[in-house]
Structures are given as structure tokens and as C-alpha cells.
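# Structural description and commentary
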Amino acid sequence: MSTKFSSKLSTILVAAGCSVGLGNIWRFPYVAGANGGGAFLLIYLVSIIIIGIPVMLSEFSMGRATHKSAVGAYKELGGRWHWLGLNGVLAATIIMGFYYVVAGWTTEYFAMSVSGRLADFSSASQLKDLFGAIVSNPWQPLVFTLGFILVNHLIITMGVAAGLERVSKVLMPLLFFILIGLAINSLLLPNSLEGVVFFLKPDFSKITPAVILEAVGQSFFSLSIGLGALIAYGSYIREETNLRSAALVIVALDTAVALLAGFIIFPATTSLGIDPTAGPALVFETLPAIFQALPMSMFLSTVFFVLLMIAALTSTMSLHEVLTVYLMEEWGCSRKKGTTITTLIVAVLGTVASLSFSVLSGVKLFDLNMFDFMDYLTANYMLPIGGLLTCIFVGWMLDRDVFEEQITNKGKLGGSIVPVMIFLLKYVCPIVLFIVFLNSIGIFKF
Ligand code: TRP
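Overview of the structure. (Residues numbered from 1 in each chain as written. Predicted model: local features only at pLDDT ≥ 70, side-chain atom pairs only at ≥ 80, totals over all residues. Heavy atoms only, no water.)

In the Ramachandran plot, Asp367 falls in the positive-phi region, its phi being about 70° despite a non-glycine side chain. Looking at the secondary structure, you find Asp367 in the loop between β1 (364–365) and β2 (368–369). A positive phi angle is found at Lys410, which is not glycine, with a value near 55°. (Helix = DSSP H or I, 4+ residues; strand = E, 2+ residues; numbered from the N terminus.)

Put into C-alpha cells, the structure is as follows:
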């Protein structure tokens, strides 16, 4: 594995590869659709700017200052605060539990596109039934989930940075252009305007504590922040790379992909009569319907689902790395052993999540099946809590010079942004996140 990314472009592309994934294309539209569209979008964007960017810079700084990943970095910088890193390791593990299942569904839709079977389902109601039939079959999704976990394992054992770099550099730009084409196509559909209005126009009466929590959670999930994954990335960033401009580009790319997904899905929902509040099924019901109406539909849908699988893979690799490196640094495992243990743990969690739509559908926590519970718990609680702790740590505990040196490249770049970031980290982010939590559990109403 190379010890540093080869250039600034690689840094950005690799981090963007980790950030852009099913979170942008599958999760963003489903959560936005279920939480009021424009109202959700507004809070999501605000959260990215005032919380996402400072937290991302904090994670990068901690990584580049220590050349370690989460737990090790906290140990070096904050001594007994190292347990803060553990929340992240746990969150990464649980995220993988459901994320691989969605990657498995993606693979299944890819397989149905290649074989042409997907062409037999075209109306909104047929596609809805198809998704329902797929997930409620215990075996098939499980095989695809475990298959994806195995492929991920094999790729990882061949070396992280090199593989990741090569894959993301070529294919993510391609995915981006396809998304632009699909968004234009959706905007040209009949009745698309209604969907655009739903997506963009905030209906302030829809802003509830739950919607705020979902929007903040989604911003963390999408940017891959809050669990220290970007601390490990920071440790690979070269000393001369400007962290702020890297973070800005990554955030802009990630947000652009999410917005494009919104512009693909929502105009199509109103045009094709699909319920935007369909939940995790939303994109799997909508995308095939969009493809059906295009020329060379099965070819396009195959290419699309392959790229989505690769986008998922670059994200799962980064998540996998969090637990693996933890096992290596803290438990003295070899890389090989750490990778294998991680894969086995994830296989168990993935099995539980996959079966939660069939044989385990009766097993519920807080009224959610295990898949939904893993999704909800990590995105809406564990990541924002990790982010809150990161802000408190960097804003209040960490020697300010450590952060300042990283942000200004030891004084080579201007430092006027530092006080702004420190202010956000010290006061704005912790207070906002704290209020969001209290509010969501009903303790503090506004
Ligand atoms: N951001 C990725 C996505 O949108 C998921 C992901 C990868 C992630 N690594 C992460 C989320 C680390 C949180 C933390 O699909």
C-alpha cells in the first residue's frame, strides 16, 4: 500500500470515491422523499455547510497530524479520549451491516439488467411488486449480500490505496456524466415540474424535529464524517496539499451527486406515479422505470448498476478499513487477520440485515426491523454523536496549534479561516447538534 496519495487530485478522487456511494444515490432520495422534500433539502444543505465542512477538516487534520487512524489519533492527541474513536469503529461496523445488503440489491438489479429480465417489469406497480418480491425472498438477497462482501474482501486483500485510486479516477467521472444525462432526461418527462417543486420548495410546516435529525444524519452519512474514517484518509494526505480546498471540492462533488440523484428521482416519481415516500425501495422502483423509457434500456441500466456497484465498493472499502485498522492498531492483528475478522463480523451483520425483510421481519427494535434500525441508529445517532464529540475534542481539548498548522500547512497558507472554523467547532456545531438531539427525543421543543 502506498503511504501517501500520489497527488492532490488523487487525494480528492479517493476521498470523493469514499464519500460518493449508495448514500448519495440510494439513501439521499429515499430520506428526502420520506421527510418532506424541500424542507429536508434546506436543512441538509445548511448542515453540510455549518457542520459538515468543519468536522471534515477536523478529521483530516487529526489524521495528517498523527499519521494514524481514528483510535490511534485520539490516543496520540488526547490520551484518555481514545474511546471517542470507538464509537466510530462500532458505527462503521453497523453501517456495513445494512450497506452491503443495499449493495447486494444493486448487484441483483445489475444481474437482471444483464439478463434482460428487468425489461419485463415496466409499470410503477410491477416494479414495486418486483422489489417487494426480491427483498422478501430469504435466499437470493442473502447470496448477493454475501457475494458482495466476498468480492470486497478479495479486492481489499489486494491493497487499498492503489486499487481505490485507479478505480475511482476513471469511473466516478463517468458515473457523474451519466447522472447528469439521467437528470436532464427526468426533467424532460411529462409532469416533472411537480417533482422538482417537491424536491426544492421548502414547506416550512414540514420541518419537525425528526426531519431535522434525518437531514443532519444524512449530511454526515453522505460526507462519510462522524466515525473517523476520514482521519485515516487524512493520514495519507501529503503535507503540501491544501486541506481546505480539498475538503471544499469533496463536499461540492458529494453534494452535487446527491442533488443529481434528487433531480433524477423526484421528477420521475410525479411523472410515473411513484410514491416519493416509498422508503428504501424508492430508487429501486424508480430507476428501472426511467431506463425502460430510454433507448437501449437494458444496456444503459447495466452500465448504471455496474457504476453504482463500484461506487458502493469504494465506500465499503473505506468502512471495512476502519474496523480492520482498529484491529491491527489496537489488537495487534496482522492486516490479513484484521481483514478476515472484519469480513466475518460483517457477514453476520449483513445476514441479519438481509433477512430482516423475510424470516426476521418480526424482529423489531423501536418498531424498526433490523435493517432499518441499523440504518437509523448509525446515520441519525452514532455519526452525529461522533461529530459532536469531534467538535468538542478539536474545539475545546486539542491544542489549537495542531489544527491551525494543518489548516494553514504550517503557516504557508493564510490563516483567516482558522478562527471561523474554531468558532464553528467550539460553539455552533456542538450547540446545534445538542439541540437537535434534545429536540428529537422531545426534551427541548422549539
Ligand atoms: N458516504 C458513503 C455513502 O454515501 C458511505 C460511507 C463510506 C460512510 N464511508 C463512510 C459513511 C464513513 C460514514 C462514515 O455511500
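Right, picking up where we left off after that structure.
Turning our attention to helix α2 (residues 22–34). An ideal rise of 1.5 Å per residue puts 18 Å on 13 residues; α2 measures up with 17 Å between its terminal C-alpha atoms. Where α2 bends most, the angle comes to about 35°, and this point is Phe28, followed within four residues by the proline Pro29. Within α2, twelve of the 13 residues are buried, leaving the element largely enclosed by the surrounding structure. Within α2 the residues assigned to the buried category are Leu22, Gly23, Asn24, Ile25, Trp26, Arg27, Phe28, Pro29, Tyr30, Val31, Ala32 and Gly33. (Expected span 1.5 Å × (residues − 1). Bend = angle between axes of the 7 residues up to and from the residue. Buried < 20%, exposed > 50% of the residue type's maximum accessible area, 1.4 Å probe, protein only.)

A word on empty space enclosed by the protein. Applying the stated criterion across every chain yields a total of five cavities of 30 Å³ or more. Here the largest cavity defines a volume of roughly 150 Å³. Lining the largest cavity we find 16 residues, and of these Cys18, Ile95, Phe221, Ser224 and Leu319 sit closest to its centre. Looking at the lining of the largest cavity, the elements with two or more residues in it are α1 (8–19), α5 (83–115), α10 (209–223) and α14 (297–331). (1 Å grid on protein atoms, 1.4 Å probe; cavity = no way out; pocket = protein on both sides within 12 Å on 5 of 7 lines; lining within 4 Å. Points joined across faces, edges and corners; volume = space filled by probe spheres on them.)

Of all residues adjacent to the ligand, which total 16 residues, the nearest are Ser19, Gly23, Tyr99, Phe221 and Ser224. Between the ligand and the protein, one listed contact pairs a nitrogen atom with a backbone N or O atom of Phe221 at 2.8 Å. Put simply, the ligand lies in the largest cavity. When the residues that make up the shell around the ligand are grouped by side-chain class, the tally is eight nonpolar, eight polar and no charged. (Near = heavy atom within 4 Å. Polar contact = N/O pair within 3.5 Å; in protein donor to acceptor, adjacent residues only side chain to side chain. Sits in = over half its atoms within 2 Å of the grid points. Nonpolar A, V, L, I, M, F, W, Y, C, P; charged D, E, K, R; others polar.)

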